Amino acid sequence: MRRFFVSAPAWGCYLGLVFLYSFSFWQLILHRRDETFWSWMDAFTILKYSILQAGLSALLSTIFGLCLGRAFFYLNFKGKYFLLKTFSFIWTLPSLIVIFAVIGVWGNSGWLAQIFSFLGLEWQFSLYGLVGILLAHCFFNIPYGMLYSYALLKLIPNSQHKLAAQLNITGWQRFKLVEWPILKKRIPFGFMTIFLICFTSFPIVLMLGGGPKYSTFEVAIFQAVNFEFDFAKAVMLIAVQVVVAVVLKILLNMVTPKQEKIVLTPDVESWIPQLSNLEKRGLQIILWTFGFALLVPLCSVIWEGISVSHLMERLQNPMLWQATAYSLMLGFIAAIVAVCVAYSVALAARHFYYQKQFIRHAFLASTVVYPLIFPIFLLSVGLYFFFQNSELSTFQLLLLVGVCNGIVTLPYIYSMIFDALWQTLTRQDKLAKSLGLSGFRRWWIVEKNYLVRPLLNAFALAMSSSLGSFAVIAFFGSPDFSSLPYLLYQQLGSYRMEDAAVTAVVLMAISALPFWVLMKNKKGYV
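Residues numbered from 1 in each chain as written. Predicted model: local features only at pLDDT ≥ 70, side-chain atom pairs only at ≥ 80, totals over all residues. Heavy atoms only, no water.

**What about a nonpolar patch on the surface?**
A surface patch of nonpolar side chains, about 540 Å² in accessible area, is lined by Val243, Val246, Val247, Ile250, Leu251 and Met254. With respect to the secondary-structure elements, Met254 resides in helix 11 (residues 231-254). (Patch = residues over 30% accessible without salt bridge, like charges linked within 9 Å, V, L, I, M, F, W, Y side chains within 5 Å. Areas by Shrake-Rupley, 256 points an atom, 1.4 Å probe, with all protein chains shown as cover. Salt bridge = Lys/Arg side-chain N within 4 Å of Asp/Glu carboxyl O. Helix = DSSP H or I, 4+ residues; strand = E, 2+ residues; numbered from the N terminus.)

In structure tokens form, the structure reads like this:
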């Protein structure tokens with residue numbers, strides 16, 4: 001009976017997701033036209049440029065993130081915790097905030113353009129196109145590369161650092177002999193993760209692409225449905241993207257170290273070797289350079305928002321606070337859905353893995369991979385077609401968009417919950433059995449203290465991510481039902497930059513709220 005209550009919710013979530021994706025795809029097929037001017041060969045053009053921009057973005061973000069991660073690992077300074085958490089927050093920023101931050105610094109009216117004008121020089125930098133996409137993706141993903149590299153460096157045993165110090169191994173030799181053996185096994189996973197994020201990028205490419213040349217599949221699907229009304233083209237694009245995403249997911253699995261799937265990073269104090277003055281200065285330059293490059297755009301968003309004319313009147317705009325309320329409700333619903341589904345699946349997957357039923361484990365755990373393999377537009381467009389002739393209430397729209405947003409966050413919070421569940425099982429299972437504990441009593445007495453913090457972290461990450469989600473509400477939004485990302489997109493599209501600046505500050509503030517309040521660990525940072 002206990003096994004049934006563990007497995008039934010997980011398989012229910014699995015079947016529910018399969019039905020939802022299948023139903024949405026069937027709706028797309030029903031609404032497709034027989035003729036289209038688009039051909040399969042056109043997909044290769046989109047695929048080529050998607051791989052180009054995603055590959056360059058991932059390469060730059062991984063290299064710069066590794067340099068910044070090494071600086072954080074080897075340097076101790078005041079404000080290190082605050083800076084780490086700020087960089088963690090940048091990675092959870094809504095994509096539209098990232099766009100606004102990049103435009104605020106690099107745009108034709110940005111801070112750099114104003115500095116050039118003050119010096120009597122002409123600012124000739126073009127933000128739109130591949131360069132703008134790379135800037136936005138690097139700003140967004142370098143913090144992830146830094147946090148990932150920093151965690152990997154903390155995996156190096158202290159004994160290796162001490163032995164290297166005794167043998168007077170420094171500089172390049174220390175990197176080659178001490179750091180590289182552990183980095184080379186895991187850095188490909190970080191690279192592929194960033195590649196997947198950039199490959200499926202939507203708002204950044206839509207706003208900064210500068211035309212169809214650098215379009216991703218998501219942007220092409222969005223344009224095919226919203227502007228061209230070519231549903232056959234949308235179906236073909238989704239089919240191609242699914243095939244490509246499956247190949248990318250296989251590559252991601254190939255470069256994923258097996259132990260990272262089931263073991264948490266140990267939280268131990270690392271022994272930091274003494275650096276030479278040259279090494280220390282070099283790392284300080286890296287820290288100051290990238291810290292400045294990442295923090296200045298954030299400051300530009302805040303400054304542009306609080307320095308607009310008639311600030312108080314803009315803050316009293318009822319549409320702004322209606323969108324804020326809807327965003328908070330959508331974020332809360334999405335976080336609840338994501339945590340409940342991830343916990344149900346992880347609980348059953350933990351049981352299967354512990355019982356060495358690896359096929360069942362892999363089959364069930366694939367549930368959380370679907371949002372990476374199948375584009376979110378498969379859900380949003382399919383459901384949009386199904387409900388386009390129906391008049392949905394506000395409550396129904398909140399549930400519909402909130403559930404879809406929650407599904408999108410599953411791949412990012414599942415490992416947090418599964419790792420915590422796995423550790424409680426391997427560490428406390430014998431104790432629980434010896435005390436005769438089972439069911440809820442076992443959870444409350446033995447597992448609760450190990451799981452509360454990871455669940456809160458997962459909830460905070462899911463809510464912060466969902467607050468800035470745009471892909472679903474792009475189809476269901478209206479003047480009467482608008483989230484902050486939808487409102488910001490409309491304001492940017494109509495060049496109401498001062499209104500957009502205020503909306504961006506409010507969106508950034510509410511996105512930071514769950515992240516800063518809930519998401520932390522023993523050390524205080526993510």
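**Some details on the confidence of the model for the protein chain**
Per-chain confidence: the protein chain averages 82 in pLDDT, with 90% of residues scoring 70 or above. Averaged pLDDT values over the elements of the protein chain bottom out at 78 in helix 16 (residues 370-373) and peak at 91 in helix 6 (residues 130-153). Here residues 259-267 is a poorly scored stretch, pLDDT under 50, and it has 22 contacts once near neighbours within four places are set aside; other chains count. Contacts of residues 521-526 to residues separated by more than four positions or lying in other chains number 16 contacts, the stretch itself having pLDDT below 50. (pLDDT = per-residue confidence, 0-100. Contact = heavy atoms within 4.5 Å.)

**Quick word on the environment of Leu252**
Position of Leu252 relative to the elements: it lies in helix 11. Sequence separation of Leu252 and Phe191 is 61 residues, and the distance between their C-alpha atoms is 9.2 Å. Not counting the four nearest positions on each side in its chain, Leu252 is found in contact with Phe189, Met192, Thr193 and Leu196.

**Describing the packing of helix 2 (residues 41-74) against helix 3 (residues 80-91)**
Packing of helix 2 against helix 3 leaves a shortest axis separation of 11 Å and a crossing angle of 155°. In terms of orientation, helix 2 and helix 3 fall into the roughly antiparallel class. The element helix 2 and its partner helix 3 pack so that their crossing is left-handed. Residues Leu68, Phe72 and Phe73 of helix 2 touch helix 3, and the partners they reach there are Lys80, Leu83, Leu84 and Phe87. Taken together, the residues of the contact of helix 2 with helix 3 break down into six nonpolar, no polar and one charged. (Axes fitted to C-alpha atoms, helices over the stretch in contact; angles between N-to-C directions. Parallel < 35°, antiparallel > 145°, perpendicular 65-115°, else oblique. Left-handed = near helix turned anticlockwise from the far one by under 90°. Nonpolar A, V, L, I, M, F, W, Y, C, P; charged D, E, K, R; others polar.)

**A few points about the packing of aromatic side chains**
One pass over the structure, following the stated rule, counts 32 aromatic pairs. Ring geometry for Trp11 versus Tyr14: centroids 5.8 Å apart, planes at 80°, classification edge-to-face. Placement of the pair is Trp11 and Tyr14 together in helix 1 (residues 2-31), with a separation of three residues, close to one helical turn. When its relative accessible area of 10% is taken as the criterion, Tyr14 is described as buried. Aromatic side chains Phe386 and Phe387 sit 4.9 Å apart centroid to centroid with 80° between the ring planes, which places their arrangement in the edge-to-face category. The exposure class of Phe386 is partly exposed, given its relative accessible area of 40%. Counting every residue linked through ring pairs, the aromatic cluster contains Phe202, Phe222, Tyr384, Phe385, Phe470, Phe475, Phe476 and Tyr489. (Phe/Tyr/Trp six-rings, centres within 6.5 Å; stacked < 30°, edge-to-face > 60°. Buried < 20%, exposed > 50% of the residue type's maximum accessible area, 1.4 Å probe, protein only.)

**Here's the deal with unusual backbone geometry**
The phi dihedral of His310 falls on the positive side, at around 55°, and the residue is not glycine. In this fold, His310 is placed in the loop between helix 12 (277-306) and helix 13 (311-315). A positive phi angle, near 60°, is found at Lys356, a position not held by glycine. Examined against the element boundaries, Lys356 turns out to sit in the loop between helix 14 (318-354) and helix 15 (358-365). The class for Lys356 is exposed, based on a relative accessible area of 62%.

**Considerations on the nonpolar core**
Counting 174 residues, the largest nonpolar core has Leu68, Phe72, Leu93, Tyr414 and Ile417 as the members making the most contacts within it. Examining the composition of this core, we find that 16 residues originate from one element, helix 14, more than from any other. With residues up to four places along the chain from it excluded, the contact list for Leu93 reads Val98, Phe139, Phe140, Leu298 and Met508. (Core = buried A, V, L, I, M, F, W, Y, C linked by side-chain atoms within 4.5 Å.)

**As for the pattern of salt bridges**
Taken as a whole and assessed by the stated rule, the structure comprises four salt bridges. Between Arg70 and Glu179 there is a salt bridge, with the nearest N and O atoms lying 2.7 Å from each other. With Arg70 in helix 2 and Glu179 in helix 8 (residues 171-199), this residue pair connects regions lying 109 residues apart in the sequence. With a relative accessible area of 17%, Arg70 lands in the buried category. For Glu179, a relative accessible area of 0% corresponds to the buried category. Its salt-bridge partner being Arg314, residue Asp499 comes within 2.6 Å of it at the nearest N-O pair. In this pair, Asp499 is assigned in helix 22 (residues 497-518) and Arg314 in helix 13, connecting sequence segments 185 residues apart. Among the ionic contacts, a cluster of salt bridges with common partners joins Arg314, Glu498 and Asp499.

**Comments concerning the packing of helix 2 against helix 12**
At a minimum axis separation of 9 Å, helix 2 and helix 12 run at an interaxial angle of 120°. Comparing their axes, helix 12 and helix 2 come out oblique. Seen from above, helix 2 lies across helix 12 with left-handed handedness. Residues Phe64, Cys67, Leu68, Arg70, Ala71, Phe72 and Tyr74 of helix 2 form the contact with helix 12, whose participating residues are Leu283, Ile286, Leu287, Phe290 and Leu294. Of the residues assigned to the contact of helix 2 with helix 12, the class counts are eleven nonpolar, no polar and one charged.

**Let's talk about the side chain of Arg174**
With respect to the element layout, Arg174 can be found in helix 8. Judged by relative accessible area, which is 2%, Arg174 ranks as buried. Sequence-distant contacts of Arg174, defined by excluding residues within four places in its chain, comprise Tyr74, Ile169, Glu179, Pro273, Gln274, Leu275 and Glu279.

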